[in-house]
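Summary of the model geometry
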Amino acid sequence: MTGSVRPAPLAELAAPGGPLERLVATGLRTAGTGGVWSVGDADGVRGRGRVGVLGRGPCGERLMDHDTVFDLASVTKIVALWPCAGALWQAGRLPLDRPVGEYWPPAGGRPAGMLTARQLLTHTAGLPLRTRFAELYGTDPAAILSGVLAAPLHRPPGAAVEYTDRAAVLLGHLVESLAGAPLDELAARQTWRPLGMTDTRYGPLGPEPADRTAPTAYEATVGAVLRGVVHDPSARLLGGVSGNAGAFSTARDLERFLAALLAPPAGAAPPWGEPWIAESLRVQTGGLAPARGLSWLCAAGTDPAEGTFVHYGFTGTGVWVSRRRGRWALLLTNKVHYDRDFRPLTDLRNAFRRAVFG
């Protein structure tokens, strides 16, 4: 199946009471207590909507809105790690096809040292599929990095596309080492501040943003539902700042980010831009499936040649972009707060994508 049907104009899709508003409202009856969505193009937002409340209990007293803060989960890979890698690549400091052990001393002589940054970005590195950091390596971040570097590969690099958070954890450490700064500082300096993303940051969050944050799941070690503290256990072990997860953001900030992928700003442009975006938003995995770009996934149900890319977060977040269609979209929900049956959210995401991109 391919997305060969040309979608309706964004103004028609996003009109009050229109197709997207009805679609999301119907889908969230079984996929969450609420969510927000936006669609737009290179010039910005063309329509947006909101449905429901932040969560259950006391969180049910506050409506979802475009300043609601969401734990982005794996969308962190897109809004934090991917542009930081791009800044290094455009500066000639991150070679995509050299084994990382040749220029990153901690990886030298380790199984991970034979991998390339391109393989890490496309999830073709052959790394073990599960993290299991605490179980395998303990709770010390240095021991975790050492364990990830030393872990035997699951399969030969380049043999298959297999999504794993280990790739982003490794790449995050590599980026920090090459740039000489923590990932949260790099992302803020190179992406979030230049684009005016004032609500985007790594946690834990302070009282004000936490108060408007959609809750995620109950965490036994904390004794509470997480809100403003990262849901992902691997990122929590690593202090909340990691390449795989840990960032929080709002729809308003993500609208700015996605519009910049279609028309990178002139004035205060970030140190990544057109060359990195063009390199990333094309198929990098040959005939392997599922087809991926750099960090980005070719959207399910579309022909990879059509260039509709997506990235999801486990908590219920998702962002899409298509340079060919000249449009972007986002759908942010509180799925893991609601339940762990992901089929309704998958159905909603697919229907949302078909409506916006064909």
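A brief look at the structure comes next. (Residues numbered from 1 in each chain as written. Predicted model: local features only at pLDDT ≥ 70, side-chain atom pairs only at ≥ 80, totals over all residues. Heavy atoms only, no water.)

The next subject is unusual backbone geometry. Cis geometry is found at the peptide bond from Gly 203 to Pro 204, where omega equals 0°. Considering the arrangement of structural elements, one finds Pro 204 in the loop between strand S4 (201–202) and helix H9 (207–211). The linkage connecting Ala 289 with the following residue, Pro 290, adopts the cis geometry, with an omega of -5°. Along the chain, Pro 290 falls in the loop between helix H12 (274–280) and strand S8 (297–298). (Helix = DSSP H or I, 4+ residues; strand = E, 2+ residues; numbered from the N terminus.)

On to the pattern of salt bridges. On inspection of all chains with the given rule, the structure shows 19 salt bridges. Note that Asp 97 and Arg 118 form a salt bridge whose closest N and O atoms lie 2.7 Å from each other. Placement of the pair is Asp 97 in the loop between helix H3 (76–90) and helix H4 (117–122) and Arg 118 in helix H4, with a sequence separation of 21 residues. Using a relative accessible area of 52% as the deciding quantity, one classes Asp 97 as exposed. With relative accessibility at 18%, the residue Arg 118 sits in the buried group. Residues joined in a network through salt bridges with shared partners are Asp 97, Arg 118, Glu 279 and Arg 282. (Salt bridge = Lys/Arg side-chain N within 4 Å of Asp/Glu carboxyl O. Buried < 20%, exposed > 50% of the residue type's maximum accessible area, 1.4 Å probe, protein only.)

Formed by 75 residues in total, the largest nonpolar core has its most connected members in Val 79, Leu 170, Val 175, Phe 257, Leu 261 and Trp 296. The residues touching Val 79, leaving out its near neighbours within four places in the chain, are Leu 72, Thr 191, Trp 192, Ala 247, Leu 254 and Phe 257. Counting residues in hydrophobic clusters, the runner-up holds 22 residues, among them Val 39, Ala 299, Leu 331 and Leu 348. (Core = buried A, V, L, I, M, F, W, Y, C linked by side-chain atoms within 4.5 Å. Contact = heavy atoms within 4.5 Å.)

Moving on, we come to the pairing of strand S1 (residues 34–41). The side chains of a regular strand alternate, first on one face of the sheet and then on the other. A large share of S1 lies buried, amounting to eight of its eight residues. Side chains of S1 alternate between two faces, with Gly 34, Val 36, Ser 38 and Gly 40 and Gly 35, Trp 37, Val 39 and Asp 41 buried alike. Inspection of the sheet shows S1 paired to strand S2 (residues 44–52) by eight bridges, in the antiparallel sense. Bridge pairing links Gly 40 to Val 45 in S2. The turn linking S1 back onto S2 is made up of two residues. In terms of strand pairing, S1 meets strand S11 (residues 327–333) through six bridges, oriented antiparallel. (Pairing = 2+ DSSP bridges.)

Next up on the list: the packing of aromatic side chains. Counting across every chain of the model gives eleven aromatic pairs. On the numbers, 6.4 Å between centres and 80° between planes, the contact of Trp 82 with Phe 257 is edge-to-face. Here Phe 257 lies in helix H11 (residues 251–262) and Trp 82 lies in helix H3, a separation of 175 residues in the sequence. Both residues of the pair, Trp 82 and Phe 257, count as buried. Relative to Phe 342, the ring of Phe 314 lies with its centre 5.0 Å away and its plane at 40°, an arrangement referred to as tilted. Highlighted residues: Phe 314 in the loop between strand S9 (308–313) and strand S10 (317–322) and Phe 342 in the loop between helix H13 (335–338) and helix H14 (343–357), separated in sequence by 28 residues. For Phe 314, a relative accessible area of 42% corresponds to the partly exposed category. Looking at Phe 342, the relative accessible area reads 22%, which means it is partly exposed. (Phe/Tyr/Trp six-rings, centres within 6.5 Å; stacked < 30°, edge-to-face > 60°.)

It is worth stressing that arrangement in space is one thing and function is another; only the former is reported here.
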